[in-house]
Amino acid sequence: MAKLTNWTRTLLSTTQARLVFALTIAVFLIILTVSLTSYYTSKSVLQSELSEMHHQLLSDKMNFIEGYIQDTDGSAIKLALHSGVYRYLTEEGQLSQAEIKQLTDYLKSIVVNLPYLESAYIYNTDTRSFVAYPQGYSSRFITFPDSDWVGVESELRERPMLVKSRTLSASSGREGASQLTYFRKIVIQGKTKGIIAMNYDSAALFSQMRLNAVSRIDNSQYILDKDGNLVYALGNGLIDESAIHQTISRLGEKRYGDFKQDGKRLLLTYNPSPITQWNYVSIVSQDQVLAKSKTIRTAVLLVSFGALVLGAWLIIHIHAVSFRPIRRMTRLLADYEKSDDGTDFGKLEGITYRLLRSHEELSRQIRLTKAEATSKFVQDVVMGNLSGKREIESRWRQYFQDWTGGPLRVVIVSVDRYAEWAENVTDNDRFLYKYAMLNIAEELLAGDCRSVNLDLGKDKLALLIQPISDRQPDLGERLEGAIRMIQGVLRTDVSIGISRPFEEILRLRQAFYEAETAVGYRLYRGYRSVISYEDIAAAEGAGLPDPAHSANLLEAAESGNAEQALRLMERIAEHIGRGEPSPSAAIFAFADIRKGLLKLEGMKEHGGWDDPAVASQLETLTLDGIAGLLEKEIVRTCEHCRGMTGSKEYLMVRQMIEFMKRHLDGNIGVQEIAASVPISVSLASQLFKQETNETIHDYFTKLRVERAGELLIETDYKLSEIARMVGYQHENSFIRVFRKFKDITPGKYRENMKYKRFSV
């Protein structure tokens, strides 16, 4: 014992030995901590990754089912508005046999056209009679085979529609069976006069609810309503819905978590539905998922103890062999043993450690600074912040020393359907997604090209690339592979535009516009396209459709004629699709139509028809996508206009707006506009605010600014002339108002919009 004590004291007699001992203990504790926490870390990671995959699968299935329910709701609304239904619910006497047949035939058409429906009923709450398909007409409540559900009227008092699972009675012939039914109340003159019930075929409605056939992990899926009642279940070894509902309540805002059931640890992932308030749930066996992690945890623990034993042996070996030359080196540094600030430079380990850390930090800073500087330089050239030839060439040589004089190209990656994508991705996740997109594209080009990347904001990313050797890589094939990988890994569709090759860095800005113009042809080529500027540079698209078509479309929408407006929309889209004019010009034309529709809707839901987002939301869509979006807005606008046409207040506001349009160049104010109706200024202001959600002054100013924008693009008039044409006597006042509403000066607006409209 005494010998062991003396040996230990000798081993720790020097500062170096004590330092190694302390480091060994620290390393041991770190390894031990890692071994103990590795299981829980891997558990968290696996839970997160697995839940993300199941969230996506549940979202896809939910979208299918919710789409069916929305289609059912649309059919129910049309049924409620049917003239025969109105007569059935309001006539005091019984309808004729022909009228009853007409109603049952209409119900039959709904059930036949929606293959996931089994039957449809209309219940008259006053006469307690039914019209149904396939049952037909039943004048008495007691004789209808499926009438136990009418008590749902109390649940519909606070909501227009409801989807719930119910148990069938003996009279239906399927006693005890579960039936999923859609209900919607019919309100006439403020009173509930009837209830629509549509029974679903569960097998057809939930056809998308399929288990994962690839993974061997036990899994099951459920749909629960907001009260925790089971709507649908799929899988082996199903769990009681009360346990699932309790787990979801415990999780709160968190969308996944584990719980224990019958001695098994299970992982639950759920998606809440915003339409039906159902919870779509996926459950997998966590024990199976973490089986290998447990094995790894045990192995790491054993390795950590082995490392501790090895570390102890190394301490002895280093002390016996390695520290002898180090002590001699320490003596050589005796003159530097103490510094003015008390730092012990005689400790060689400390000196070496500080030098290595300083070198590592300096290298890291240089790498980061260089990458940021190169991206900033490219962005400055593209944005026009650098215009001097000498300065650009000097910085190019400074930042790109390892690049050769070979040809350069610009590649722009743009997210398809950006507005829809951005709604489903948080701000923080957008940055990560775009960073991952750039990494994927650069990785696929890394073997043959040098590259520098930058984020252009919103939907666009950019790469400046140069081939490493004289052999030109097949960019189209590589970038198509990048699109496939981005779609497969990130579930995101992108399109890519490629500029022509260029050698002078001074042509960088033009190359960016070429790539941007190329990616704009996604409008005609479709999503997930790789488009080279060489393929479209020689294309001379036809002109745009006659502006009169757009004017006629808006007139039809204003009159509520949806059929005519949709027909004109189809004609405009077909004309543009055949001629393939410049995408920027086509989008400009579509944006004008969209702004007109928003004007007609009174801007109550859209934040303003002059918002730049009205046009920018169309830039990442295809021709079919834009046409589909505008067709929906046309239908909504027509419905709005039909509802407003008979309103006296609406007609007064329309008369005031027409007066404004005729006097854009006049020196008129709110008093003259109110007098055109004629009503008082206070009443005119109140009605205008009520109908358009804007003041008369702001609306009139927007009309003037919009007209000024059109004149800036379509004419070469001076700013002073345009100012007078839209009612401003002083050019400075016009510029100030224009900049307030457009966030850009008139001159800059003219330059930017003309360039975008007619492309590079």
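All values derive from a computational prediction rather than experimental measurement.

Draft legend 1. Quick look at the packing of helix α22 (residues 648-662) against helix α24 (residues 681-692). Closest axis-to-axis distance for the α22/α24 pair is 9 Å, and the angle between their directions is 100°. As the angle between them shows, α22 and α24 are arranged roughly perpendicular. Every residue of α24 that contacts α22 at E649, Y650, M652, V653, M656, I657 and M660 is listed here: A684, L687, F688, E691 and T692. Here the contact of α22 with α24 is composed, by residue class, of nine nonpolar, one polar and two charged.

Draft legend 2. Expanded view of the environment of S48. Positionally, S48 belongs in helix α2 (residues 15-80). Judged by relative accessible area, which is 31%, S48 ranks as partly exposed. For the pair formed by S48 and G257, sequence separation is 209 residues and the distance between their alpha carbons is 9.2 Å.

Draft legend 3. How the structure looks around helix α3 (residues 83-90). When we look at burial in α3, the residues that qualify are G84, V85, Y88 and L89. The buried residues of α3 occupy one face: seen down the axis, they fall within an arc of 130°.

Draft legend 4. The arrangement of helix α4 (residues 97-113) in detail. With 17 residues, α4 should cover 24 Å at 1.5 Å per step; its first-to-last C-alpha distance of 24 Å lies within 8% of that length. Looking only at α4, the buried set comprises I100, L103, T104, L107, I110 and V111. All buried residues of α4 lie within an arc of 110° about the axis, which places them on one face of the element. With respect to the buried face of α4, the exposed residues turned more than 90 degrees away are A98, V112 and N113.

Draft legend 5. Here's a closer look at a nonpolar patch on the surface. Side chains of F21, I25 and L29 sit close together on the surface and give an oily, nonpolar patch of about 260 Å² of accessible area. Residue placement: L29 occurs in helix α2. L29 sits in the partly exposed class, given a relative accessible area of 47%.

Draft legend 6. Representation of a positive patch on the surface within the structure. On the surface, a cluster of positive charge is made up of R250, K254, K260 and R265. Within the fold, R265 resides in strand β10 (residues 264-272).

Draft legend 7. Region of the structure containing unusual backbone geometry. Omega for the bond connecting Y133 with P134 falls within 30 degrees of zero, at 10°, which places this linkage in the cis form. Tracing the sequence through the fold places P134 in the loop between β2 (129-133) and β3 (136-138). Here the bond from V677 into P678 is cis, since omega is -5°, no more than 30 degrees from zero. One non-glycine residue, R128, lies in positive phi territory at about 55°. Mapped onto the fold, R128 is located in the loop between β1 (117-124) and β2. Phi angles above zero are rare outside glycine, and Q189 is one such case at about 55°. Within the fold, Q189 resides in the loop between β5 (178-188) and β6 (191-200). On the basis of relative accessible area, Q189 is assigned to the exposed category, the value being 77%.

Draft legend 8. Summary view of the pairing of strand β14 (residues 460-467). Most of β14 sits out of view: eight of its eight residues are buried. As paired strands, strand β13 (residues 449-455) and β14 are joined by seven bridges and run antiparallel to one another. Residue pairing for β14: N453 is matched across the bridge by L463.

Draft legend 9. Quick peek at the sheet that holds β2. Ordered in space as β3-β2-β1-β6-β5-β4, the six strands form an open sheet in which the pairing is antiparallel. In this open sheet, the two strands that pair with only one neighbour each are β3 and β4 (161-167). Going from strand to strand, the sheet's axes swing by 20° on average, the running direction of each strand aside. In this sheet, β6 lies alongside β1 in antiparallel orientation, the contact comprising seven bridges. Bridge pairing in β6 places N124 opposite G194. Contacts from α4 reach β1, β2, β3 and β6, with the element oriented near 45° to β2.

Draft legend 10. Molecular detail of the pattern of salt bridges. The final tally for this structure, using the stated rule, is 25 salt bridges. In this structure, K193 and D126 form a salt bridge, with 2.5 Å as the shortest nitrogen-oxygen distance. Here K193, found in strand β6, pairs with D126, found in the loop between β1 and β2; they are 67 residues apart in sequence, far enough to count as distant. Taking relative accessible area as the criterion, D126 reaches 48% and is therefore assigned partly exposed. In this structure, the salt-bridge partner of R507 is E514, at a minimum N-O distance of 3.7 Å.

Draft legend 11. Highlighting the side chain of Q179. Note on placement: Q179 falls in strand β5. Of the polar contacts made by the side chain of Q179, one reaches the backbone oxygen of Y200; its length is 2.9 Å. Ignoring any residue separated from it by four or fewer positions in sequence, one finds Q179 in contact with E118, K164, S165, R166, L168, R174, N199 and Y200.

So, how was this worked out
Residues numbered from 1 in each chain as written. Predicted model: local features only at pLDDT ≥ 70, side-chain atom pairs only at ≥ 80, totals over all residues. Heavy atoms only, no water. Axes fitted to C-alpha atoms, helices over the stretch in contact; angles between N-to-C directions. Helix = DSSP H or I, 4+ residues; strand = E, 2+ residues; numbered from the N terminus. Parallel < 35°, antiparallel > 145°, perpendicular 65-115°, else oblique. Contact = heavy atoms within 4.5 Å. Nonpolar A, V, L, I, M, F, W, Y, C, P; charged D, E, K, R; others polar. Buried < 20%, exposed > 50% of the residue type's maximum accessible area, 1.4 Å probe, protein only. Arc of directions from axis to C-beta. Expected span 1.5 Å × (residues − 1). Patch = residues over 30% accessible without salt bridge, like charges linked within 9 Å, V, L, I, M, F, W, Y side chains within 5 Å. Areas by Shrake-Rupley, 256 points an atom, 1.4 Å probe, with all protein chains shown as cover. Salt bridge = Lys/Arg side-chain N within 4 Å of Asp/Glu carboxyl O. Lys, Arg positive; Asp, Glu negative; His and termini not counted. Charge placed at Lys NZ, Arg CZ, Asp CG, Glu CD. Pairing = 2+ DSSP bridges. Polar contact = N/O pair within 3.5 Å; in protein donor to acceptor, adjacent residues only side chain to side chain.

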